[in-house]
Amino acid sequence: MHCTRKVLDDLIWVGADDRRLACFEGVYGVPDGVSYNSYLLLDEKTVLFDTVDKAVYEVFFENVAYALGGRKLDYLVISHMEPDHAATIESLLLRYPDVRIICNAKIQTMLSQFFHLDFAGRIELVKEGDTFSTGRHNLTFVMAPMVHWPEVMMTYDLTDKILWSADAFGTFGALNGRLFNDEADFFVEDINEARRYYTNIVGKYGPQVQNVLKKAAALEIAYVCPLHGYVWRSHFGDFLEKYLQWSSYTPEEQSVMLAYASVYGHTANAANILAAMLVERGVKVRMYDTSVTPASYIVSDAFRCSHLVFAATTYNAGVFVTMEQLLHDLAAHNLQKRKVALIENGSWAAASGKAMREILASCKNIEYFEEGVSLKSALAVGQEAQLEALADAIAAEINPKPVVEEAPAAVEGPNFLTDVDNKAFQKFTYGVEVLTTRVDGKDYGCIINTAGQVAAGDPKKITISCIKKNNTCDMVKLAGKFNISILTEDAPYSLFQRFGFQSGRDVDKFADVEWTERTKNGIRYIPQYTNAVLSCEVVSSEDLETQVLYVANVVEAKVLSSAPSCTYAYYHAHIKPKKNPAPEPKECWICRVCGFVFEGAEMPEDFVCPLCKHGKEEFEHVIPEVKVKQKGYVCKICGHFEPCDGELPEDYDCPICHHGREDFEPAEQ
Ligand code: FEO
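It should be emphasised that the depicted structure is a prediction, and the values quoted were computed from it without experimental measurement. (Residues numbered from 1 in each chain as written. Predicted model: local features only at pLDDT ≥ 70, side-chain atom pairs only at ≥ 80, totals over all residues. Heavy atoms only, no water.)

## Observations concerning the side chain of S247
Tracing the backbone shows S247 in helix α7 (residues 236-247). Side-chain polar atoms of S247 contact the side chain of Q210, separated by 2.8 Å. Here the side chain of S247 touches Y243 through a polar contact of 2.6 Å, landing on its backbone oxygen. Contacts of S247, omitting those with residues within four sequence positions, involve Y198, G206, P207, V209, Q210 and L213. (Helix = DSSP H or I, 4+ residues; strand = E, 2+ residues; numbered from the N terminus. Polar contact = N/O pair within 3.5 Å; in protein donor to acceptor, adjacent residues only side chain to side chain. Contact = heavy atoms within 4.5 Å.)

Spelled out as structure tokens, the structure:
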């Protein structure tokens, strides 16, 4: 029986979960299963995006037939030829013999390698930037070599802003009925499996992932549809930020990943003593026995933690086998930019320390603590001091003691320029609300974060303050009444753009909205993405120079939902899109075959690509444009950049959100 879910009215998820797979790719245990995602677009043309692993082919074909509803399948877009997505292509072609294939030239080559079929006349080749219309939807193609194989491409829908991202932004774990990221507690329950998926599957190809992230940063994205895991329709910026860290080998946290290999427990004993010393010094430790925990979990935490400790016994005049495998795995995954400490053990000729260093020699930017420890069979009496010294050295880097600055000499009276730290005000907890009012039959509204109850007796009183330059501020004065709609955490950024980043003097902020609800006072409120509305009558006002403070009686109030209120901090952390810190472009050579980047101006004549083994002739020399950065100020509220060489004028206000110059900070663009 089919089991499908709608992504949008005309886009159906037709994939399937597999919870019986022991090892993904034959090596990575997946105790929580894995999903194989495939999507069917029902436009004037019908388009299937990838197929699935052969393990779930039965329900997949039932899903496709059900979702097609009797229509014929016109196109198959292939983004990746790895068999967990491509194994059922041949069966698909047998069932839908008229289907045409959209793919790139490298995928075409691999099709013929995997399937001995005649594909002549049924393939439409595309390359970077090509477009394809399916009716209402206009697709364009983005090449993504080495994310995770060289042939990988993504598809972007210019109409509904959908990115089919291939393996990128996937995760281990079955979907279990959920499809969207916001149907799961992703950053609590799924982030560890997402990290393990990324680091083990794609971790080696950080520079290639960075290249694709740069392309993705230029796209407006409403939905991300990966080949594994959840469809992203909110808070994607938070996940993108994780990808930026992982692909640049930047630690997520200042902490220690301690892995040990011990045969009879003496090396484990030293590792446990060190872990206890670190924790006593306030250091977070993630600890593993390499003989027990599969390497993929340890690799994942090595990408997560800033500092790594490896403790291993000597074995066959080298390093114990499970540690040897782990270190080779870390080197193969290109781990870099870490500080490492080594503990070796050997009853007659300790050699594991040297062997561990040799394996990690191919990793870039690895530094070592001088305070290594060498055990002879077991920790000797008095040798604890060496572990103490190592714990001190690690803790000093992770938890450096704060520099105590000398207190400034006392001065008479407040100096508002130096005594008032604006950041202190960010420690208050503010909600975010839509303030609405109505004058002469016209509706007005703006975003505020200043509403609060100030009297609990009857009538209850609240205050709001409103920027004077905002049109709504004047309108509240004229109307003498207003509504406050309290926004919830699921409020989309577009709502903030509608009410916060444009002026009611220029546009009707209620144009094109579907909801028309009003409270008894005749004023509109926001029924979606809110949890309460309060209707208020102004009883007094106070001029605060830049703002007007209104005190008002609450005359009607009702709860609209149980969703948590959006705080000002939550808006900044999770709703306001984050700018991708695009890496500075450097002169380099890029492999046209697999996308490998060789950094530097000169490439040796005999250079061979370490990924695809092609020679220098396949590399394109890329010399970045020299861009002159412009000085100015950026609005912390809406992101507007104002070019300016000196100081912003005192009466300057943001042309987008009308906040004053106190909400701007120096920036260069
Ligand atoms: Fe999910 Fe690279 O295959």
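## Comments concerning the sheet that holds strand β7 (residues 39-42)
To summarise the sheet geometry, strands pair through backbone hydrogen bonds and adopt either a parallel or an antiparallel arrangement. One open sheet holds the 7 strands; their spatial order is β1-β2-β7-β8-β9-β10-β11, and the pairing between them is mixed. Strands at the two margins of the open sheet, each flanked by one partner only, are β1 (5-8) and β11 (123-125). Going across the sheet, the axis of each strand differs from the next one's by a mean of 25°, ignoring polarity. Of the pairings in the sheet, the one linking strand β2 (residues 11-13) to β7 comprises 3 bridges and is antiparallel in character. Directly across from L11, in β7, lies its bridge partner L41. Here helix α1 (residues 57-68) sits on the sheet in contact with β2, β7 and β8 (46-49), set at roughly 10° to β7. (Pairing = 2+ DSSP bridges. Axes fitted to C-alpha atoms, helices over the stretch in contact; angles between N-to-C directions.)

## Overview of the pattern of salt bridges
Applying the stated criterion to the full structure yields 30 salt bridges. When the shortest N-O distance is used, the salt bridge between K215 and E128 registers 3.0 Å. Taken together, the positions of K215 in helix α6 (residues 206-217) and E128 in the loop between β11 and β12 (131-133) put the pair 87 residues apart, joining distant regions of the chain. Given a relative accessible area of 31%, K215 falls into the partly exposed group. The partner of K354 in a salt bridge is E358, and the shortest N-O contact between them spans 3.1 Å. Of this pair, K354 and E358 both sit in helix α11 (residues 352-360), 4 residues apart, roughly one helical turn. Residue class for K354 comes out exposed when judged on its relative accessible area of 58%. What emerges from the salt-bridge pattern is a single network uniting E253, K284, R286, D301 and R304. (Salt bridge = Lys/Arg side-chain N within 4 Å of Asp/Glu carboxyl O. Buried < 20%, exposed > 50% of the residue type's maximum accessible area, 1.4 Å probe, protein only.)

## Some points on the packing of aromatic side chains
Under the definition given, this model contains 31 aromatic pairs. Ring centres 5.0 Å apart and planes at 70° place the aromatic pair F186 and F239 in the edge-to-face group. Of this pair, F186 sits in helix α5 (residues 186-201) while F239 sits in helix α7, and the two are 53 residues apart along the sequence. For the pair shown, F186 and F239 are each scored as buried. The ring of Y368 has R357 lying over it, and the distance from NZ or CZ to the ring centre is 3.9 Å. (Phe/Tyr/Trp six-rings, centres within 6.5 Å; stacked < 30°, edge-to-face > 60°. Lys NZ or Arg CZ within 6 Å of the ring centre and 35° of its normal.)

## Details of the environment of T472
Secondary-structure assignment places T472 in helix α13 (residues 471-479). It is 7.6 Å that separates the C-alpha atoms of T472 and T436, two residues lying 36 residues apart in sequence. Not counting residues up to four positions away in its chain, the partners in contact with T472 are L435, T437, Y444, G445 and C446.

## Describing α13
It helps to recall that an α-helix has 3.6 residues per turn; residues three or four apart then point in one direction. Along α13, the positions that sit buried rather than exposed are N471, T472, C473, M475 and V476. Buried residues along α13 sit in contact with β24 (433-439), β25 (442-448), β27 (461-467), β28 (481-487), β29 (530-543) and β30 (547-559). One or two residues past the end of α13 sits G480, with phi positive at roughly 75°.

## Quick notes on the sheet that holds strand β26 (residues 452-455)
Read from one edge of the open sheet, 7 strands run β25-β24-β28-β29-β30-β27-β26, paired in antiparallel fashion. The outermost strands of the open sheet, each flanked by one partner alone, are β25 and β26. Neighbour to neighbour, the strand axes of the sheet diverge by 35° on average, direction disregarded. On the sheet, α13 packs against β24, β25, β27, β28, β29 and β30 and is oriented at approximately 55° with respect to β24.

## Concerning unusual backbone geometry
The step from D458 to P459 runs through a cis peptide bond, and the omega angle for that step is -5°. In this structure, P459 sits in the loop between β26 and β27. One non-glycine residue, F169, adopts positive backbone phi at about 65°. Note on placement: F169 falls in the loop between β15 (162-166) and α5. Positive phi, normally seen in glycine, also occurs at N316, with a value near 50°.

## Here's the deal with the packing of α5 against α7
Running from N to C, α5 and α7 point in directions that differ by 35°, and their axes come no closer than 12 Å. The two elements α5 and α7 meet at a crossing, and its hand is right-handed. Of α7, the residues touching α5 (which contributes F186, F187, I191, A194, R195, Y197 and Y198) are D238, F239, K242, Y243, W246 and S247. Counted by class, the contact of α5 with α7 contains 9 nonpolar, 1 polar and 3 charged residues. (Left-handed = near helix turned anticlockwise from the far one by under 90°. Nonpolar A, V, L, I, M, F, W, Y, C, P; charged D, E, K, R; others polar.)

## Looking at helix α9 (residues 295-304)
With respect to burial, α9 is a largely interior element, 8 of its 10 residues being buried. Those residues of α9 that fall on the buried side of the exposure criterion are S296, I298, V299, S300, D301, A302, F303 and R304.

## So, a nonpolar patch on the surface
On the surface, V263, Y264, Y315 and V321 cluster together into a nonpolar patch covering about 420 Å² of accessible area. Topologically, V321 is positioned in helix α10 (residues 321-332). By relative accessible area, which is 34% here, V321 ends up partly exposed. (Patch = residues over 30% accessible without salt bridge, like charges linked within 9 Å, V, L, I, M, F, W, Y side chains within 5 Å. Areas by Shrake-Rupley, 256 points an atom, 1.4 Å probe, with all protein chains shown as cover.)

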